Amino acid sequence: MPFPYKTVLMIGATSGIGLALAERMIENGVFVIGVGRRKERLDAFVAKHGADKAATSQLDITELDKIAGWCKDERGETKLTREARPRLSISITAQHPGIDAVFLNAGVQCMLDFTRPEAIDAGRVRAELATNYGAAVELAAGLLPQLRGVGPRPAALATVTSGAALVPMARGGNYSASKAALHALTWSVRAQLARDPAWAHLRVLEILPPAVRTELHARQPELVAAGQADIGMPLPDFVDELWAALDAPGDHPPDEIPVGPVARYFDAVEAPRRAVFARMAGLVQVPRGPEDLRLREGPDGAWAWQSAKTPGSQ
């Protein structure tokens, strides 16, 4: 169906894919709340498009302990936990109760060279994991209740992973691992919510970009030194292809959107894994009731949850 969401929260909207996609959404009548760390860029975003079409919220997602408070509901409880955490003055969902789609786009990329192990910066490694994966977990947990409350109107949670989530980059092992983790998380969230009618209105999307010509590469000194700061698919071409998929007509649009070169090898890599995952997701379902259940292998080799009180159980 054509893009059905009216108020999009874009995490990582100050540059690159996030900014370009946010602007394409605005061009098509979507109200976008841009989230990022750099205030001057957030201010420029609203100044360019107008407060009737865009808003912003400043958040450094590497400060994981602030995310839950930023997402808290109007009762002052955090979505992720009830434990006391540092909080911002007004939650994003209180400011914008109409949010019906969240795009988890923020990402950083660093080179990890194990031929020079003494040069590996553990702080950069941790920050890359926090930005690309840890923050996504906190944001998803914090914002899914908002999206659940939108129903029965359509809602979406979208992750932006990478072709490197499927086939890792030799020079960027940590980046590839973080995107592979987010890819796995997206599959798991989608499978879990698909079993609950309360989430029938929500789509869990995944966008898998190739290398795209953005600041992501220009900010890496190693690539700049090698003359490779401008590698990748041109950003306008990427956004054209992505938006065509997001805004495509039809009753059953795909939940996974590989773009550019990734689309050429996506099915060859993913189809076998998807088949195994679907089988396992159907068999291994975590029970929700209070009954003591255990996972057991049946005589046909299939695994299923059975009551611990089943006669003959160990």
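Treat the numbers as computed from the prediction; the structure is a model and nothing was measured. (Residues numbered from 1 in each chain as written. Predicted model: local features only at pLDDT ≥ 70, side-chain atom pairs only at ≥ 80, totals over all residues. Heavy atoms only, no water.)

A few points about the side chain of Glu-256
So, step 1. Here Glu-256 is to be found in strand S7 (residues 256-258).
So, step 2. Looking at Glu-256, its side chain comes within polar contact range of the side chain of Arg-274, at 3.3 Å. (Helix = DSSP H or I, 4+ residues; strand = E, 2+ residues; numbered from the N terminus. Polar contact = N/O pair within 3.5 Å; in protein donor to acceptor, adjacent residues only side chain to side chain.)

Observations concerning the confidence of the model for the protein
So, step 1. Considering every residue of the protein, the mean pLDDT works out to 84; 79% of them sit at 70 or more.
So, step 2. Per-element confidence in the protein ranges from a low mean pLDDT of 51 for strand S8 (residues 293-297) to a high of 98 for strand S4 (residues 101-104).
So, step 3. In this model residues 74-88 is a low-confidence stretch, pLDDT under 50, and it forms 33 contacts with partners more than four residues away in sequence or in other chains.
So, step 4. In this model, residues 289-293 is a region of pLDDT below 50 whose contacts with residues beyond four sequence positions or in other chains number nine contacts. (pLDDT = per-residue confidence, 0-100. Contact = heavy atoms within 4.5 Å.)

A word on helix H1 (residues 16-27)
So, step 1. Given a rise of 1.5 Å per residue, 12 residues ought to cover 16 Å, and the 17 Å separating the end C-alpha atoms of H1 matches this to within 8%.
So, step 2. Burial analysis of H1 places 10 of its 12 residues in the buried class, the great majority of the element.
So, step 3. Every buried residue of H1 is accounted for by Gly-16, Ile-17, Gly-18, Ala-20, Leu-21, Ala-22, Glu-23, Arg-24, Met-25 and Ile-26.
So, step 4. In this fold, the buried residues of H1 make contact with strand S1 (7-11), strand S2 (31-36), helix H2 (39-49), strand S3 (54-58), S4 and helix H9 (235-246).
So, step 5. Looking at the residues trailing H1, positive phi occurs at Gly-29, about 85°. (Expected span 1.5 Å × (residues − 1). Buried < 20%, exposed > 50% of the residue type's maximum accessible area, 1.4 Å probe, protein only.)

Details of the side chain of Ser-15
So, step 1. With respect to the helices and strands, the residue Ser-15 is situated in the loop between S1 and H1.
So, step 2. Within the local environment of Ser-15, its side chain forms a polar contact with the side chain of Arg-38, the two groups lying 3.4 Å apart.

Description of the environment of Pro-209
So, step 1. Tracing the chain through its elements places Pro-209 in the loop between strand S6 (202-208) and helix H7 (215-218).
So, step 2. Separated by 48 residues in sequence, Pro-209 and Ile-257 have C-alpha atoms that sit 8.4 Å apart.
So, step 3. Excluding residues that lie within four positions of it along the chain, Pro-209 makes contacts with Ile-17, Val-160, Thr-161, Ser-162, Gly-163, Phe-238 and Val-262.

Quick notes on the pairing of S2
Consecutive residues of a regular strand have side chains that alternate between opposite faces of the sheet.
So, step 1. Among the six residues that make up S2, six are buried, leaving the element largely enclosed by the rest of the structure.
So, step 2. Of the two faces of S2, the one lined by Phe-31, Ile-33 and Val-35 and the one lined by Val-32, Gly-34 and Gly-36 are each fully buried.
So, step 3. Taken together, the five bridges between S1 and S2 define a ladder with parallel strand orientation. Each bridged residue has a counterpart across the sheet, and for Thr-7 the counterpart in S2 is Phe-31. (Pairing = 2+ DSSP bridges.)

Focus on helix H5 (residues 122-150)
So, step 1. With 29 residues, H5 extends 41 Å between its outermost C-alpha atoms, agreeing within 8% with the 42 Å of an ideal straight helix rising 1.5 Å per residue.
So, step 2. Along its length, H5 reaches its greatest deviation from straightness, about 45°, at Ala-130. (Bend = angle between axes of the 7 residues up to and from the residue.)

A look at the packing of H1 against H9
So, step 1. Their axes nearest at 10 Å, the elements H1 and H9 cross at an angle of 55°. Here H1 lies oblique to H9, going by the angle between them. For H1 against H9, the interelement crossing comes out right-handed. Where H1 approaches H9, its residues Gly-16, Ile-17, Ala-20, Leu-21, Arg-24 and Met-25 are matched on the opposing element by Leu-235, Phe-238, Val-239, Asp-240, Leu-242, Trp-243 and Leu-246.
So, step 2. Residue composition of the contact of H1 with H9, grouped by class: 10 nonpolar, one polar and two charged. (Axes fitted to C-alpha atoms, helices over the stretch in contact; angles between N-to-C directions. Parallel < 35°, antiparallel > 145°, perpendicular 65-115°, else oblique. Left-handed = near helix turned anticlockwise from the far one by under 90°. Nonpolar A, V, L, I, M, F, W, Y, C, P; charged D, E, K, R; others polar.)

Focus on the environment of Ala-244
So, step 1. Residue placement: Ala-244 occurs in helix H9.
So, step 2. With 242 residues separating them in the primary sequence, Ala-244 and Pro-2 have C-alpha atoms 9.3 Å apart.

What to know about the packing of aromatic side chains
Here a ring pair, both rings aromatic, is described through the centre-centre distance and the interplanar angle of the planes.
So, step 1. Scanning the model with the defined rule gives four aromatic pairs in all.
So, step 2. Plain terms: the ring middles of Phe-3 and Phe-103 are 6.4 Å apart, the flat faces sit at 40° to each other, and that makes the pair tilted. Remark: Phe-103 occurs in strand S4 and Phe-3 occurs in the segment before S1; sequence separation between them is 100 residues. Phe-103 shares its class with Phe-3; the two are buried.
So, step 3. On the numbers, 5.1 Å between centres and 55° between planes, the contact of Trp-187 with Phe-277 is tilted. Here Trp-187, found in helix H6 (residues 173-194), pairs with Phe-277, found in helix H10 (residues 261-283); they are 90 residues apart in sequence, far enough to count as distant.
So, step 4. One aromatic cluster is present, built from ring pairs that chain together Phe-3, Tyr-5, Phe-103 and Trp-243. (Phe/Tyr/Trp six-rings, centres within 6.5 Å; stacked < 30°, edge-to-face > 60°.)

Considering the sheet that holds strand S5 (residues 155-160)
So, step 1. Spatially, the seven strands line up as an open sheet ordered S3-S2-S1-S4-S5-S6-S7, and their pairing is parallel. A single partner strand is all that each edge strand has here, and the edge strands are S3 and S7. Each adjacent strand pair in this sheet contributes to an overall mean axis angle of 15°, direction not counted.
So, step 2. The sheet contacts of H1 involve S1, S2, S3 and S4, and relative to S1 the element is tilted by about 170°.
So, step 3. Each of S4, S6 and S7 touches H9; the most contacted strand, S7, lies at about 155° to it.

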